[in-house]
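Listed below, chain by chain, are the residues.
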Amino acid sequence: MGEEATKTIQTRLHIASGERSWLHDAGLASREIFNDTICLKQQGYNRTEIQKEVDRDDFLRNNKCAVVGKALQTWDSYQSLKDWWEEQDDPDGGKPTPPSTDKLGAYPLVMAHTEGYRLTVNDDTNRVHVRISPKPYKKVKGHLRGEPDAMDELRDAITSDDVDVGQAELLYRDGVYYLHVTVTCEFDVPEPDTADTLVGVDINERNVALTALDRETMRTKGTLVLDYGRVKQERQRYHTITIRCQEHGKTSIHQKLGDKEERFTEWVLHRLSRAVVEFATRFSNPVIVFEDMSGIRDQIKYGSYMNRRLHKLPFHKFEKFVSYKATWREIPTDTVDAYYNSKTCSCCGERGSRQGRRFRCTNDECDVAQDHADRNASVNIAWREKVKLDGNDTNYRTHKTQPQVRLVRLSGSGRVSRPTSSRSLAEQGVLAHG
């Protein structure tokens, strides 16, 4: 049975006919609908009642239903976070605030394919043409541009019967309109026990460590550590700004800063997850293995400062991003136990000690004196997948040291310099003899 995966293809809109003001007005109308939806939800209205209340003549009904649905998803996310906060014995960081209902400015115009917008491929020019209906009886037409690989995927989705083109969001940023299109496809993802390469993934608040082991010989094919410490720095910076503004009664800035922090974090996680999947595709028939992090938030009790840092780590979101990208490449994922992976020697299996990023093995007979703690953990994760799949939990170590670790830091994403591609990042961890 196939497994469905959905991805978002980001494109730029180039308008050929129609008024840009129609798109701007539709974005403002979307904002009003979003704000009204949250207000009505707070008053106890259900979805059907909300759709009746926010109905308007200058907005397509299908687009209205899509915006209401996105607003309700935002409300459900807030409720989930609030429920988790209320269950904590010593909650820190302040009670989660509901979505803002007084924000101004345009909101993304959410549209269903063939109703709010339509995509076609011109056979002569190979361009992807788009028609958007921001208002009743008003059409904006143009074509889309983007990365070559992304545009190829979008063309395949439009022309293929096996891929469904779903909702799209129209966003305006820095004078440019962007159209983010979702596409869904079904894939035949193999079972983990058919894998020939085990790719262990260890994630903490600063690094993502990867190690690929040959399942038969357990020889190391590649190893890579991706440093994303800038997320930690940015989160601390936003937290400090928010606390200071709240102390001076400037509570309205909280939502704005929270949106910026979330967008930045998701951008980094998408880059990391792409690099992980690219790394796995370098090897034959891989399986990507994570630690089972379920219940970890309940186990972390280090005081308010450390709890805030560790509870906000995006473990689940990162694993989700990797999993759907891996599904798109027909690569299976799996999980193993998370206990003492970074404190167990990947060479001899003895318990060692960890200080920061450095692991030291206390076994005098072991060939490992020290190793990068996160890379050591990723090797153990791959080992545990070997035990899980083959059912042999005795004497499974090779007693061989690992190759020198390769540490790669993600480059900036500003307009001045283009960030290093995920493919290039992944290639740096593949051993020459692998």
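Bear in mind that the values here come from a model prediction, so they are computed numbers and not experimental data.

**What to know about the sheet that holds strand E14 (residues 358-360)**
In step 1: Spatial ordering of the open sheet is given by E13-E14-E15, a layout of three strands whose pairing is antiparallel. Sheet topology places strand E13 (353-355) and strand E15 (370-372) at the edges, where each strand pairs with a single neighbour. Along the sheet, successive strands turn relative to each other by an average axial angle of 30°, direction set aside.
In step 2: Bridge analysis of E14 against E15 gives three bridges, and the strand direction is antiparallel. For Arg-358, the partnering residue across the bridge sits in E15 and is His-372.
In step 3: The sheet contacts of helix H10 (residues 373-390) involve E13, E14 and E15, and relative to E15 the element is tilted by about 85°.

**Structural notes on unusual backbone geometry**
In step 1: The backbone phi angle of Asn-126 is positive, close to 65°, even though this residue is not glycine.
In step 2: Position of Asn-126 among the secondary structure elements: in the loop between strand E3 (117-121) and strand E4 (128-135).
In step 3: Residue Asn-285 is not a glycine yet carries a positive backbone phi of 45°.
In step 4: Asn-285 sits in the partly exposed class, given a relative accessible area of 32%.

**What about the packing of aromatic side chains?**
In step 1: Summed over all chains, the structure comprises seven aromatic pairs.
In step 2: Ring geometry for Trp-75 against Tyr-78: centres 5.2 Å apart, planes inclined by 55°, an arrangement best described as tilted. Here Trp-75 pairs with Tyr-78, and both are found in helix H3 (residues 61-87), just three residues apart, close to one helical turn. We note that Trp-75, like Tyr-78, is buried.

**Structural notes on the pairing of strand E10 (residues 220-227)**
When a strand is regular, its side chains alternate between the sheet's two faces.
In step 1: Counted residue by residue, E10 has eight buried out of eight residues, so it is predominantly covered.
In step 2: In sequence, strand E9 (residues 207-214) turns back onto E10 through a hairpin of five residues, with Met-218 there showing a positive phi of about 60°.

**Digging into the pattern of salt bridges**
In step 1: Evaluated as defined, the whole model comprises 16 salt bridges.
In step 2: Between Asp-55 and Lys-64 there is a salt bridge, and its shortest N-O distance comes to 3.8 Å.
In step 3: A salt bridge links Arg-329 to Glu-278, with the shortest nitrogen-to-oxygen separation between them at 3.4 Å. With Arg-329 in the loop between helix H9 (315-328) and strand E12 (333-336) and Glu-278 in helix H6 (residues 253-281), the pair connects residues that are 51 residues apart, well separated along the chain.
In step 4: Relative accessible area serves as the criterion here: at 11%, Glu-278 is assigned to the buried category.
In step 5: A network of salt bridges, in which partner residues are shared, links Glu-32, Arg-56 and Asp-58.

Reading the values: the criteria
- Residues numbered from 1 in each chain as written.
- Predicted model: local features only at pLDDT ≥ 70, side-chain atom pairs only at ≥ 80, totals over all residues.
- Heavy atoms only, no water.
- Pairing = 2+ DSSP bridges.
- Helix = DSSP H or I, 4+ residues; strand = E, 2+ residues; numbered from the N terminus.
- Axes fitted to C-alpha atoms, helices over the stretch in contact; angles between N-to-C directions.
- Contact = heavy atoms within 4.5 Å.
- Buried < 20%, exposed > 50% of the residue type's maximum accessible area, 1.4 Å probe, protein only.
- Phe/Tyr/Trp six-rings, centres within 6.5 Å; stacked < 30°, edge-to-face > 60°.
- Salt bridge = Lys/Arg side-chain N within 4 Å of Asp/Glu carboxyl O.

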